[in-house]
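Structural overview for review
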Amino acid sequence: MSHIVLLGMNHKTAPVEIREQLAVACRKEVNPLHMLPHLEQVDEMVFLSTCNRVEFLFTCNSLARGIREITAVLRAHVGLSDSVPLDSYLYVHKDLEAVRHLFMVASSLDSMIVGEPQVLGQLKDAYRNAVEYRTVRVVLNRLLHKSFSVAKRVRTETCIGSCAVSVSYAAVELARKIFGDLRDKRVLLIGAGEMAELAAEHFRRQGVRRMMVANRTLERAMELAARFKAETVAFDRFLEELKATDIVVSSTGAQEPVISYRDVRSRMRERRNKPLFFIDIAVPRDVDPRVNEIDNVYVYDIDDLQGVIDHNREERQNQAQIAEHIINEETIKFNNWMNSLSAVPTIVSVREKAEEIRRNELRKTFSQLPDLSDREKEAIEILTASIIKKLLHDPIVFLKQKAQRNAQAIYMDFTQQLFNLVEGASEEDAAPVEGEDAQDQTFLKTAKK
Amino acid sequence: MESLFLVIAMLCYLSGTVGYLVYLFRDLEQLPRISWTILLAGALFHGVALVMRMVNTGHIPAATIQEALSLFAWVFVVTYLILQIRLKLRILGSFVSPLAVVFMLSSWLLPSQIMLKSEFLKRGWVIVHVASLFLAIALFAVAFSVGVMYLLQERHIKKKNFGFLYERLPSLERLDSIANYCLMSGFPLMTAGLIIGFANAAIVWHSPWNWDPKEILSLVTWIIYAVLVHERLAVGWRGRRAAWLSILGFSAILATFVGASLLLGGHHSVLSGKM
């Protein structure tokens with residue numbers, strides 16, 4: 001019986017120094033997958049490397065020796081000498097736990113920023129590489145595809161991905177709820193601190209093209225303006241810009257509010273009442289809180305934004321529980337499939353299927369031939385039974401022989417497909433998963449070998 | 001046969017509405033499409049029933065308040081179905097489809113009273129009067145639903161208190177522009193419909209203005225919408241106030257449509273002495 005093992009380290013287990021080395025290794029061209037032919041214990045292998053994690057997913061027959069081999073590969077890849085003790089940074093998940101962990105990674109529940117979608121793309125790349133190097137076969141092929149569909153389920157059935165996490169991201173999300181499309185909106189930055197820069201970066205990613213910067217020191221304003229292809233405005237004149245601005249990010253060090261109720265109120269008519277969104281990340285606040293009372297004007301200070309995040313965090317907790325449930329469910333399903341790959345259940349179900357067909361056909365025939373005597377009926381029964389037995393004899397002997405080999409999973413899976421045995425599972429897999437063709441192709445290639 | 005079709009239509013509207021309401025709470029991808037299709041099926045059955053009635057009576061089915069409400073419910077559903085294709089805002093169904101059920105139900109529950117003598121309803125101009133007004137009201141009803149959505153979403157953002165609807169509802173600007181679209185296309189239709197109505201009155205009763213309660217209320221309604229359109233165009237009124245005004249306007253329409261016909265006199269209602 002082969003084992004699935006996941007070995008690796010991530011931001012939670014490895015200290016910064018090690019992770020820095022990961023980041024270097026992450027940019028390397030060499031893929032450790034090319035080592036597979038040199039490994040004795042490992043059958044299949046996938047290598048995932050992001051800047052926050054490096055993970056080997058592999059199957060092997062002997063757990064201890066497989067893990068030893070892969071640890072060596074990991075050391076070589078990251079460039080750690082033998083003297084560095086790795087054990088405390090590494091996690092090793094076996095079988096069910098490995099499957100679970102992979103599903104968690106794919107659904108971005110194990111990420112530094114939970115719910116960030118990037119990791120799934122990286123996992124897909126890792127899988128593509130493995131397909132190229134031909135290091136995945138039946139088990140990992142199916143496992144990886146399963147992990148993609150689990151990630152999709154988690155994404156559609158929970159809102160893990162859509163809950164904002166940082167202050168500036170929360171601000172952008174709010175802006176989207178007010179304005180919808182941000183591309184034709186204009187952003188005014190008052191004050192050019194680090195937070196303003198971060199918010200500006202988020203807005204630029206949302207497609208905002210027109211930005212203005214007003215800062216007390218012009219130099220810094222120009223610096224920021226150059227970075228975001230923005231224009232600069234004299235600090236004393238930023239109120240005039242309110243007429244043509246949709247979003248204001250304010251972060252000055254002023255002790256008193258720089259934007260008063262009257263400043264905004266008097267300009268709303270000129271703006272034809274278009275919505276105006278103030279993001280006040282300064283402490284003390286830059287925007288008079290009463291401004292929020294004006295129609296079509298929305299003011300969020302740093303505490304309000306923090307509130308949005310906290311709200312999301314709570315929501316995220318709930319969603320994480322739902323996600324975990326999905327993952328547990330899918331892990332069990334996968335485990336059932338794994339178990340069905342050993343020889344005995346496969347042989348049993350081949351026989352059952354044949355017997356079922358035989359019975360059904362007999363019933364049909366007997367009902368059409370009511371004149372048959374009991375003896376004749378018995379003779380036909382025996383005849384059909386022995387046809388089935390003889391027909392299945394060779395395949396079953398073959399399966400029993402293969403059951404001892406490393407490659408048994410391939411033959412079991414192939415048999416199951418050939419006889420269409422796993423109905424429940426096959427229906428689900430018939431759903432179009434990205435790269436399904438690739439799966440079939442690699443399967444054929446590996447089978448030929 | 002006709003009532004069987006009406007029952008089927010009603011059931012379709014109900015189940016479509018249930019589908020849309022479930023969608024409000026759970027983001028199931030296929031649900032809006034299924035609900036839309038069910039509503040479409042309902043509209044088809046309803047349409048057949050209306051045609052049958054037309055063939056039987058020989059005039060458009062707007063003689064009684066029942067008929068008029070049923071016809072309006074149909075116009076409303078068809079308007080929504082078309083708008084939905086154009087706007088592709090799936091959550092809209094959750095706020096619009098319950099209205100369709102309400103109109104349809106009230107057409108059954110309200111007493112059958114003759115509003116207009118059937119000979120009027122054979123006149124071409126009366127048909128145009130009814131059609132353009134119904135279409136305008138259907139658009140205003142959508143604007144009403146969108147206004148409710150806007151106010152809910154506005155409240156979330158203004159009060160910084162995010163209920164589950166916050167995630168489900170679209171952005172304020174999107175809602176406002178839909179309301180604007182409905183208003184700007186509904187208002188000319190309403191104006192035309194009313195002018196035709198008054199012109200008809202001038203011919204039939206020899207005076208365009210008869211101090212009929214329905215006439216008065218219609219004019220009030222028209223003024224509300226005229227103010228809304230004017231403010232939107234001239235001053236750029238939008239958002240919360242515009243949403244409230246469109247809700248007020250639609251309430252006035254309901255008062256005109258149902259209240260005046262049932263409770264007050266006049267030549268649009270059964271108590272009319274002039275007819």
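Our subject in this report is the structure included herewith. Source: prediction; values computed, not measured.

**What about a nonpolar patch on the surface?**
Residue and element names in this part refer to chain B. A surface patch of nonpolar side chains, amounting to about 560 Å² of accessible area, comprises Val-7, Leu-11, Leu-14, Leu-105, Trp-108 and Leu-109. For the nonpolar patch, the elements supplying multiple residues, two or more each, are helix 1 (2–25) and helix 4 (92–109). Topologically, Leu-14 is positioned in helix 1.

**Some remarks on the sheet that holds strand 6 (residues 210–214) of chain A**
Residue and element names in this part refer to chain A. Taken together, the six strands give an open sheet; going across it, the order is 7-6-5-8-9-10, and neighbouring strands pair in parallel fashion. Either end of the sheet is taken by a strand with one partner, and the two such strands are strand 7 (231–233) and strand 10 (297–301). Between one strand and the next, the sheet's axes are offset by a mean angle of 20 degrees, whatever the strand orientation. Pairing between strand 9 (residues 276–280) and strand 10: five bridges, direction parallel. Of the residues in strand 10, the one forming a bridge with Ile-279 is Tyr-300. The strands that helix 7 (residues 194–205) touches are strand 5 (186–190), strand 6, strand 8 (247–250) and strand 9; relative to strand 8, the one it contacts most, it runs at about 155 degrees.

**Details of the packing of aromatic side chains**
As enumerated under the stated definition, the model contains 17 aromatic pairs over all chains in all. Taken together, a centroid distance of 3.8 Å and an interplanar angle of 10 degrees make the contact between Phe140(B) and Tyr225(B) stacked. With Phe140(B) in helix 5 (residues 124–159) and Tyr225(B) in helix 8 (residues 213–234), the pair connects residues that are 85 residues apart, well separated along the chain. Take Phe140(B) and Tyr225(B): they sit in the same class, and that class is buried. Members of the aromatic cluster, joined through ring pairs, are Phe72(B), Phe76(B), Phe103(B), Phe134(B), Phe144(B) and Phe250(B). The lysine or arginine in question, Lys177(A), covers the ring of Tyr166(B), its NZ or CZ lying 5.5 Å from the ring centre. One Lys or Arg, Lys160(B), reaches over the ring of Tyr300(A) and ends 4.9 Å from the middle of that ring.

**Here we look at the sheet that holds strand 3 (residues 53–60) of chain A**
Residues and elements named next belong to chain A. Read across the sheet, four strands follow the order 2-3-1-4 without closing on themselves; strand pairing throughout is antiparallel. The sheet terminates laterally at strand 2 (42–50) and strand 4 (91–94), the two strands that pair on one side only. Neighbour-to-neighbour, the strand axes of this sheet turn through a mean angle of 15 degrees, independent of strand direction. Of the strand pairs in this sheet, strand 2 and strand 3 are connected by eight bridges, and their pairing is antiparallel. Each residue of the ladder has a partner; that of Phe-47, found in strand 3, is Phe-56.

**Re the interface of chain A and chain B**
Listed per partner, the contact involves 27 residues of chain A and 26 residues of chain B. With both sides pooled, the region where chain A packs onto chain B buries about 2,200 Å², and carbon together with sulfur makes up 42% of that total. Connecting chain A to chain B are four salt bridges. Of the charged contacts in the structure, one is a salt bridge between Asp304(A) and Lys160(B), with a shortest N-O distance of 2.7 Å. Counting the contacts that link chain A with chain B gives 19 residue pairs in polar contact (both at pLDDT 80 or more).

**Topic: the pattern of salt bridges**
Residue and element names in this part refer to chain A. Evaluated as defined, the whole model comprises 35 salt bridges over all chains. The salt bridge involving Glu-197 is made with Arg-220; its shortest N-O contact spans 2.8 Å. Of this pair, Glu-197 sits in helix 7 while Arg-220 sits in helix 8 (residues 218–228), and the two are 23 residues apart along the sequence. With a relative accessible area of 24%, Arg-220 lands in the partly exposed category. Close ionic contact of Glu-223 with Arg-220 constitutes a salt bridge, the shortest N to O distance being 2.9 Å. Here the residue Glu-223 and the residue Arg-220 both occupy positions in helix 8, the gap between them amounting to three residues, near one helical turn. A cluster of three or more residues bridged by salt bridges with shared partners is formed by Glu-197, Glu-201, Arg-204, Arg-220, Glu-223 and Arg-227.

**Some words on the pairing of strand 3 of chain A**
Residues and elements named next belong to chain A. For strand 3, the tally of buried residues reaches eight of eight residues, placing the bulk of the element in the interior. Alternating positions in strand 3 separate into two faces, Arg-53, Glu-55, Leu-57 and Thr-59 on one and Val-54, Phe-56, Phe-58 and Cys-60 on the other, with burial throughout. Note: strand 1 (residues 3–10) against strand 3, eight bridges, orientation antiparallel. Paired with Gly-8 across the strands is Glu-55, a residue of strand 3.

**Quick word on the packing of helix 2 (residues 31–57) of chain B against helix 3 (residues 65–87) of chain B**
Residue and element names in this part refer to chain B. Interhelical geometry of helix 2 versus helix 3 gives an angle of 145 degrees and a closest axis separation of 10 Å. Of the two possible hands of crossing, helix 2 and helix 3 adopt the one that is left-handed. Contact residues: helix 2 offers Trp-36, Leu-39, Leu-40, Ala-43, His-46, Gly-47, Leu-50 and Arg-53, while helix 3 offers Glu-67, Ser-70, Leu-71, Ala-73, Trp-74, Val-77, Val-78, Tyr-80, Leu-81, Gln-84 and Ile-85. Within the contact of helix 2 with helix 3, the residues separate by chemical class into 13 nonpolar, four polar and two charged.

**As for the nonpolar core**
Ranked by internal contacts, the top residues of the largest apolar core, which has 119 residues, are Phe203(A), Ile247(A), Phe277(A) and Phe76(B). Element by element, the count of residues in this core is highest for helix 5 of chain B, at 18 residues. Non-local contacts of Ile247(A), meaning those with residues more than four positions away in its chain, are made with Ala175(A), Phe179(A), Leu182(A), Arg186(A), Val187(A), Leu188(A), Phe203(A), Phe277(A) and Ile279(A).

**What to know about the pairing of strand 6 of chain A**
All names here are of chain A. Extensive coverage of strand 6 is indicated by the burial of four of its five residues. Bridge analysis of strand 5 against strand 6 gives five bridges, and the strand direction is parallel. Following the sheet pairing, Leu-189 is matched in strand 6 by Val-213. Taken together, strand 5, helix 7 and strand 6 constitute a β-α-β crossover, and its handedness is right-handed. Two strands pair when backbone bridges link them, and strand 6 and strand 7 are joined in this way by three bridges, in the parallel orientation. Across the sheet, the residue bridging to Met-212 is Glu-231, located in strand 7. In terms of handedness, the path from strand 6 via helix 8 over to strand 7 forms a crossover that is right-handed.

About the criteria used
- Residues numbered from 1 in each chain as written.
- Chains lettered and ligands numbered in written order.
- Predicted model: local features only at pLDDT ≥ 70, side-chain atom pairs only at ≥ 80, totals over all residues.
- Heavy atoms only, no water.
- Patch = residues over 30% accessible without salt bridge, like charges linked within 9 Å, V, L, I, M, F, W, Y side chains within 5 Å.
- Areas by Shrake-Rupley, 256 points an atom, 1.4 Å probe, with all protein chains shown as cover.
- Salt bridge = Lys/Arg side-chain N within 4 Å of Asp/Glu carboxyl O.
- Helix = DSSP H or I, 4+ residues; strand = E, 2+ residues; numbered from the N terminus.
- Pairing = 2+ DSSP bridges.
- Axes fitted to C-alpha atoms, helices over the stretch in contact; angles between N-to-C directions.
- Contact = heavy atoms within 4.5 Å.
- Phe/Tyr/Trp six-rings, centres within 6.5 Å; stacked < 30°, edge-to-face > 60°.
- Buried < 20%, exposed > 50% of the residue type's maximum accessible area, 1.4 Å probe, protein only.
- Lys NZ or Arg CZ within 6 Å of the ring centre and 35° of its normal.
- Buried area = accessible area lost by both parts, 1.4 Å probe.
- Polar contact = N/O pair within 3.5 Å; in protein donor to acceptor, adjacent residues only side chain to side chain.
- Left-handed = near helix turned anticlockwise from the far one by under 90°.
- Nonpolar A, V, L, I, M, F, W, Y, C, P; charged D, E, K, R; others polar.
- Core = buried A, V, L, I, M, F, W, Y, C linked by side-chain atoms within 4.5 Å.
- Right-handed = clockwise from strand over helix to strand, strands pointing away.

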